[in-house]
Amino acid sequence: MRLLSGAALVAGAVLVAIVLSDLFRTVLLPRPARRIGRIAPLVGAAVAPPWLRVARRLRSPQRRQSLRGSLGPMLLVLTFLIWVDLLFVGFGLMLFGLRDDFLPPIGFGDGVYFAASAFLTISTPDAVHGSARAVVIAAGLVGLAVITLLVTFILSVHSELTRREVLVLRTQVSAGEPPTGLALLDTYARPGMTDRLTALFRDWEAWAADVLHSHRANPILVNFHSADESGEWLAVLGSVMDAATLLIAAVENAALQPAVFSAARLFIAMGTRTVTELHTLLRLQPAVDLDGLDTIAREIRDVRQRLGMLGYRMVTDEADSIEGAIEILSEYKPQLRAVCRRLDITTARTLSEVNERRTTRLVPPPAGIGLC
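Residues numbered from 1 in each chain as written. Predicted model: local features only at pLDDT ≥ 70, side-chain atom pairs only at ≥ 80, totals over all residues. Heavy atoms only, no water.

K.L.:
I would appreciate a short explanation of the overall build of the protein chain in the present structure.
P.N.:
Secondary structure summary: the protein chain contains twelve helices and two strands in total. Going from the N terminus to the C terminus, the protein chain shows its helices and strands as α-α-α-α-α-α-α-α-α-α-α-α-β-β. Counting only residues that meet the buried cut, the protein chain has 53% of its 372 residues in that class. Looking at the protein chain alone, contacts between residues at least 24 apart form 76% of all its contacts between residues at least 6 apart. Carbon together with sulfur atoms contributes 61% to the accessible area of the protein chain, which is approximately 17,200 Å² in total. (Helix = DSSP H or I, 4+ residues; strand = E, 2+ residues; numbered from the N terminus. Buried < 20%, exposed > 50% of the residue type's maximum accessible area, 1.4 Å probe, protein only. Contact = heavy atoms within 4.5 Å. Areas by Shrake-Rupley, 256 points an atom, 1.4 Å probe, with all protein chains shown as cover.)

Okay, structure coming up:
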């Protein structure tokens, strides 16, 4: 009997320690944490794929995106419930291990009930003495701390998502539906607007760094979808990266201010790192090289012509320009395609997909650089 009590006490203490460690690494740790022993990634990996498969079968775009959008909040609530329930069980095991300190001695179910009551500050057992009192007090203190942390965490998640989506919505207006890099450059081809590309790329560089930091530390955020199916956050990110790629590889450096190209290169570097980390975070298969290089080369050649029609001065060496664009695309496109597919994010189907609905238009709807 003493062996059973000791085993229950140790098992409960270990379970409480594991859950509190996961809480600490998820809520308080301001840097990426290892996945070992973390509940949120396991819940996401188990629930997200079937949830998104069901959403994909819905015909209504509004219902489809509504179901996708409910995935993130549902995973967040489910993770909270698992944390709290495991703490109930952990402290319940500890009290069961000290059941002789209760009058009369309690069973495992009673221990979980007393632990939950103390955790939620509802009540505490009266007929308790010895070491069990310390466990009851610890359960109450942990309960107060955890509830406070979870409320703070919810506010933090809301803040992170707000920062993520504001720039997405601002850029979506310029990038079309579905968002494409060429559509974005079309919008900024107006006289006096090309220089504003510097600010755009700098804003997205900061955005990519912010997303990398927050989503790596809290993987649940990856499963939060944007409000608009045709303007998902990763789709818009890809369109801005495509726009930066086109500028770097296809547009003559002397045609724009040097700051535009510098900002584009820095953004590509930061965006590529963010996409790669998201790919690793979701434990996807290693990305392969770009498929259909001949097709992509033809599409880039077509895009070069369309950019010339918009007034951009093209690099004269077409072959070198196409090779440079493919080299940059190969650094992030396969990983981005895989992440989009895993999260069921709608993107432009090809590099030449026409934007049928544009909010700004200088010429008839041009073909766009897509994501996947």
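K.L.:
Sorry, what's going on with the nonpolar core here?
P.N.:
The biggest cluster of nonpolar side chains holds 65 residues, and the ones touching the most others in it are Phe201, Trp204, Leu234 and Tyr312. The set of elements that each furnish at least two residues to this core consists of helix H6 (131–175), helix H7 (181–187), helix H8 (197–217), helix H9 (233–250), helix H10 (258–281), helix H11 (293–310) and helix H12 (318–343). Element by element, the count of residues in this core is highest for H9, at 14 residues. Counting residues in hydrophobic clusters, the runner-up holds 42 residues, among them Phe80, Leu95, Val128 and Val135. (Core = buried A, V, L, I, M, F, W, Y, C linked by side-chain atoms within 4.5 Å.)

K.L.:
Before we go on, may I ask you to explain the packing of aromatic side chains in this structure?
P.N.:
How two aromatic rings sit relative to each other is set out by the distance from centre to centre and by the angle between their planes. Under the defined criterion, the tally for this structure stands at nine aromatic pairs. Taking the centre distance of 5.7 Å and the plane angle of 25 degrees together, the rings of phenylalanine 80 and tryptophan 83 count as stacked. A residue pair is termed a helical-turn pair when its members lie 3 or 4 positions apart in one helix, as phenylalanine 80 and tryptophan 83 do in helix H4 (residues 71–97) at three residues. Among the aromatic residues, those joined into a ring-pair cluster are Phe80, Trp83 and Phe153. The cationic tip of arginine 99 hangs over the ring face of phenylalanine 96; the distance from NZ or CZ to the ring centre is 4.6 Å. A cation over a ring is seen here: arginine 164 above tryptophan 233, with NZ or CZ 4.1 Å from the ring centre. (Phe/Tyr/Trp six-rings, centres within 6.5 Å; stacked < 30°, edge-to-face > 60°. Lys NZ or Arg CZ within 6 Å of the ring centre and 35° of its normal.)

K.L.:
What should I look at first to understand the environment of leucine 281 in this one?
P.N.:
Note on placement: leucine 281 falls in helix H10. Residue leucine 281 is classed as buried on the basis of its relative accessible area, which comes to 13%. Counting along the chain gives 240 residues from leucine 281 to proline 41, while the straight-line C-alpha distance between them is 8.8 Å.

K.L.:
Would you take a moment to explain the side chain of aspartate 242 for this structure?
P.N.:
By secondary structure assignment, the location of aspartate 242 is in helix H9. One polar contact links aspartate 242 to tyrosine 332, side chain to side chain, over a distance of 2.7 Å. (Polar contact = N/O pair within 3.5 Å; in protein donor to acceptor, adjacent residues only side chain to side chain.)

K.L.:
Where do I start with a nonpolar patch on the surface in this structure?
P.N.:
A cluster of nonpolar side chains, namely Val10, Val14 and Ile18, defines an oily patch on the protein surface of about 250 Å² accessible area. Structurally, valine 10 is set in helix H1 (residues 2–28). (Patch = residues over 30% accessible without salt bridge, like charges linked within 9 Å, V, L, I, M, F, W, Y side chains within 5 Å. Salt bridge = Lys/Arg side-chain N within 4 Å of Asp/Glu carboxyl O.)

K.L.:
Would you mind showing me how to read a negative patch on the surface here?
P.N.:
On the surface, Asp317, Asp320, Glu323, Glu327 and Glu331 cluster together to form a negatively charged patch. Within the secondary structure, glutamate 323 sits in helix H12. A relative accessible area of 54% means that glutamate 323 is categorised as exposed. (Lys, Arg positive; Asp, Glu negative; His and termini not counted. Charge placed at Lys NZ, Arg CZ, Asp CG, Glu CD.)

K.L.:
Which parts of the structure should I look at to understand the packing of helix H3 (residues 61–69) against H4?
P.N.:
When two helices pack together, you describe them by how their axes are tilted relative to each other and by the distance separating the axes. Orientation of H3 relative to H4, taken along the N-to-C sense of each, is 25 degrees, at an axis distance of 4 Å. On the basis of the axis angle, H3 is roughly parallel to H4. Residue-level contacts link Leu67, Arg68 and Gly69 of H3 to Leu71, Gly72 and Pro73 of H4. Class assignment of the residues belonging to the contact of H3 with H4 gives a composition of three nonpolar, two polar and one charged. (Axes fitted to C-alpha atoms, helices over the stretch in contact; angles between N-to-C directions. Parallel < 35°, antiparallel > 145°, perpendicular 65-115°, else oblique. Nonpolar A, V, L, I, M, F, W, Y, C, P; charged D, E, K, R; others polar.)

K.L.:
Would you explain the environment of methionine 314 in this entry?
P.N.:
Structurally, methionine 314 is set in the loop between H11 and H12. For methionine 314, a relative accessible area of 15% gives the class buried. Along the chain, methionine 314 and asparagine 253 lie 61 residues apart, while their C-alpha atoms are 9.1 Å from each other.

K.L.:
Explanation requested: the pattern of salt bridges in the structure shown.
P.N.:
With the rule as written, the count across this model stands at ten salt bridges. Linking arginine 68 and aspartate 344 is a salt bridge whose minimum nitrogen-to-oxygen distance equals 3.0 Å. With arginine 68 in helix H3 and aspartate 344 in the loop between H12 and strand S1 (353–354), this residue pair connects regions lying 276 residues apart in the sequence. A residue is classified by how much of its surface remains accessible, and aspartate 344, at 11% relative accessible area, is buried. Across the pair aspartate 203 and arginine 170 runs a salt bridge whose closest N-O atoms are separated by 3.7 Å. With aspartate 203 in helix H8 and arginine 170 in helix H6, the pair connects residues that are 33 residues apart, well separated along the chain. A residue is classified by how much of its surface remains accessible, and aspartate 203, at 35% relative accessible area, is partly exposed. Residue class for arginine 170 comes out exposed when judged on its relative accessible area of 54%. Through salt bridges with shared partners, one network takes in Arg56, Arg68 and Asp344.

K.L.:
It is not clear to me how the packing of H6 against H9 should be interpreted in this structure. Could you clarify?
P.N.:
Where H6 contacts H9, the axes come no closer than 9 Å and their chain directions differ by 55 degrees. As the angle between them shows, H6 and H9 are arranged oblique. H6 and H9 meet at a crossing whose hand is left-handed. When H6 is examined against H9, the residues Arg164, Glu165, Val168, Thr171, Gln172 and Ala175 are found in contact with a partner set consisting of Trp233, Val236, Ser239 and Val240. Here the contact of H6 with H9 is composed, by residue class, of five nonpolar, three polar and two charged. (Left-handed = near helix turned anticlockwise from the far one by under 90°.)

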